[in-house]
Amino acid sequence: MANGQWFPQDWPERIRALSDGTLTPVVPKRAATVMLLKDTDRGPAVHMLRRRASMAFAGGAYAYPGGGVDPRDDEHHVRWAGPTRAWWADRLGVDEAAAQAIVCAAVRETYEEAGVLLAGPSADSVVGDTTGEEWEADRAALVARDFSFAEFLDRRGLVLRSDLLGAWTRWITPEFESRRYDTWFFVAALPHGQRTRNASTEADRTVWIRPPEAAEGYDKGELLMMPPTVATLRQLLPYGTAAEALAAAPGRDMTAVLARARLEGDEIVLSWPGHDEFTKHIPTDLPTGGA
């Protein structure tokens, strides 16, 4: 294959159904994902996980820690440090309750899947090692959704450090996809004293990799990824440190990227506005898709 782009095998069929009006788009669920960065002597590296090959969606693809928003975090007021909820609402293009839940999801998923927690006992601190038995028990309970992240923060007496996150971009799963997500991408730096680990049941491998190396692996077809992952990796290339990337985040355009599909002769043309490299030409008689 020319590169490591992945898309589901049923996309061509679903695109045709959307085009002829027989497919009703699924309402996307809110989600958040975090590009966790740390500095190396050759520039920042990003923490990535490889989804298990057995996963129904994007099996074998590299991605960042992330997942769906817990609606319970809309309403439970949490101890909060950094920009106000109103500021985040404006930045993310949602109301204040939704903004809190989206930021909570970003911090929760980083903790659930990488063992890194962007919270501390005060507005200017971050917890240290989170690998003890009690921490692990709480992390497992979060994964099981035994309690919300807001409730977890309360239980631990922790303040959510929204100032350690930068909103980077927003992608919405195409209308023809059966599993749809409205995903906000964030950047964050690995806090001092914490370390990542593969805490996700959905991943069989985690790596720290420099964005240029990850993008090159994709270009060579060695690393499988979805368009948002590749796009954000390329967007990180200009920054020499994690701090530079975080400083750039507030100025980034958060207009959502949504794939478009159109029929041209005997082909379906699939494109992502502003990201020409991902354009696909799929024969209309192709029963299944591929990378």
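The coordinates are above.
Structure report, in brief. (Residues numbered from 1 in each chain as written. Predicted model: local features only at pLDDT ≥ 70, side-chain atom pairs only at ≥ 80, totals over all residues. Heavy atoms only, no water.)

### Considering the side chain of Gln235
Argument step 1. Mapped onto the fold, Gln235 is located in helix H8 (residues 227–236).
Argument step 2. Overall, the relative accessible area of 18% leaves Gln235 in the buried class. (Helix = DSSP H or I, 4+ residues; strand = E, 2+ residues; numbered from the N terminus. Buried < 20%, exposed > 50% of the residue type's maximum accessible area, 1.4 Å probe, protein only.)

### Quick notes on unusual backbone geometry
Argument step 1. Although it is not a glycine, Arg145 adopts a positive phi angle of roughly 60 degrees.
Argument step 2. Along the chain, Arg145 falls in the loop between helix H5 (133–143) and helix H6 (149–156).
Argument step 3. On the accessibility criterion, Arg145 (32% relative accessible area) is partly exposed.

### Some details on the packing of aromatic side chains
Argument step 1. One pass over the full model with this rule turns up nine aromatic pairs.
Argument step 2. When the centroid spacing of 5.0 Å and the interplanar angle of 90 degrees are considered together, the rings of Trp87 and Trp88 count as edge-to-face.
Argument step 3. Given the relative accessible area of 37%, Trp87 is considered partly exposed.
Argument step 4. Ring geometry for Tyr111 against Trp135: centres 6.4 Å apart, planes inclined by 80 degrees, an arrangement best described as edge-to-face. In this pair, Tyr111 is assigned in helix H4 (residues 96–114) and Trp135 in helix H5, connecting sequence segments 24 residues apart. One exposure class covers both Tyr111 and Trp135, and it is buried.
Argument step 5. Through a chain of ring-to-ring contacts, the aromatic side chains of Tyr111, Trp135, Phe149 and Phe152 assemble into a single cluster.
Argument step 6. It is Arg252 that lies over the ring of Trp168; its NZ or CZ is 4.4 Å from the centre. (Phe/Tyr/Trp six-rings, centres within 6.5 Å; stacked < 30°, edge-to-face > 60°. Lys NZ or Arg CZ within 6 Å of the ring centre and 35° of its normal.)

### A look at the sheet that holds strand E14 (residues 275–283)
Across a sheet, strands are paired by hydrogen bonds formed along the backbone, either parallel or antiparallel in direction.
Argument step 1. Pairing within the open sheet is antiparallel, and its three strands lie in the order E12-E13-E14. Pairing within the sheet leaves two strands with one partner each, and these edge strands are strand E12 (260–264) and E14. Put simply, the sheet's adjacent strands are angled 20 degrees from each other on average, direction ignored.
Argument step 2. In terms of strand pairing, E12 meets strand E13 (residues 267–272) through five bridges, oriented antiparallel. Bridge pairing in E13 links Glu264 to Glu267.
Argument step 3. Docked against the sheet, helix H1 (residues 11–19) engages E12, E13 and E14, running at close to 95 degrees with respect to E13.
Argument step 4. On top of the sheet, H8 reaches E13 and E14; it is set at about 155 degrees to E14, its chief contact. (Pairing = 2+ DSSP bridges. Axes fitted to C-alpha atoms, helices over the stretch in contact; angles between N-to-C directions. Contact = heavy atoms within 4.5 Å.)

### Thoughts on the packing of H5 against H6
Argument step 1. One way to put it is that H5 packs onto H6 with a least axis distance of 10 Å and a crossing angle of 160 degrees. One way to sum up the angle between H5 and H6 is to call them roughly antiparallel. Read as a crossing pair, H5 and H6 show a hand that is right-handed. Seen from H5, the contacting residues are Glu134, Trp135, Asp138 and Leu142; seen from H6, they are Phe149, Phe152, Arg155 and Arg156.
Argument step 2. Considering only residue class, the contact of H5 with H6 consists of four nonpolar, no polar and four charged. (Parallel < 35°, antiparallel > 145°, perpendicular 65-115°, else oblique. Left-handed = near helix turned anticlockwise from the far one by under 90°. Nonpolar A, V, L, I, M, F, W, Y, C, P; charged D, E, K, R; others polar.)

### Thoughts on helix H3 (residues 85–92)
Argument step 1. Buried residues of H3: Arg85, Trp88, Ala89, Arg91 and Leu92, and no others. All buried residues of H3 project into a common sector of 165 degrees when viewed along the axis, lining one side.
Argument step 2. Where H3 is buried, its residues touch strand E5 (80–81), H4, strand E8 (165–172) and strand E9 (181–189).
Argument step 3. At the C-terminal side of H3, Gly93 shows a positive phi close to 75 degrees. (Arc of directions from axis to C-beta.)

### Remarks on the sheet that holds strand E7 (residues 159–161)
Argument step 1. Taken in spatial order, the three strands line up as E5-E7-E6 in an open sheet, and their pairing is mixed. Since the sheet does not close on itself, it has two edges, and those belong to E5 and strand E6 (119–120), each with one partner.
Argument step 2. Sheet analysis places E5 next to E7, joined by two bridges and oriented parallel. Looking at E7, one finds that Trp80 is bridged to Leu160.

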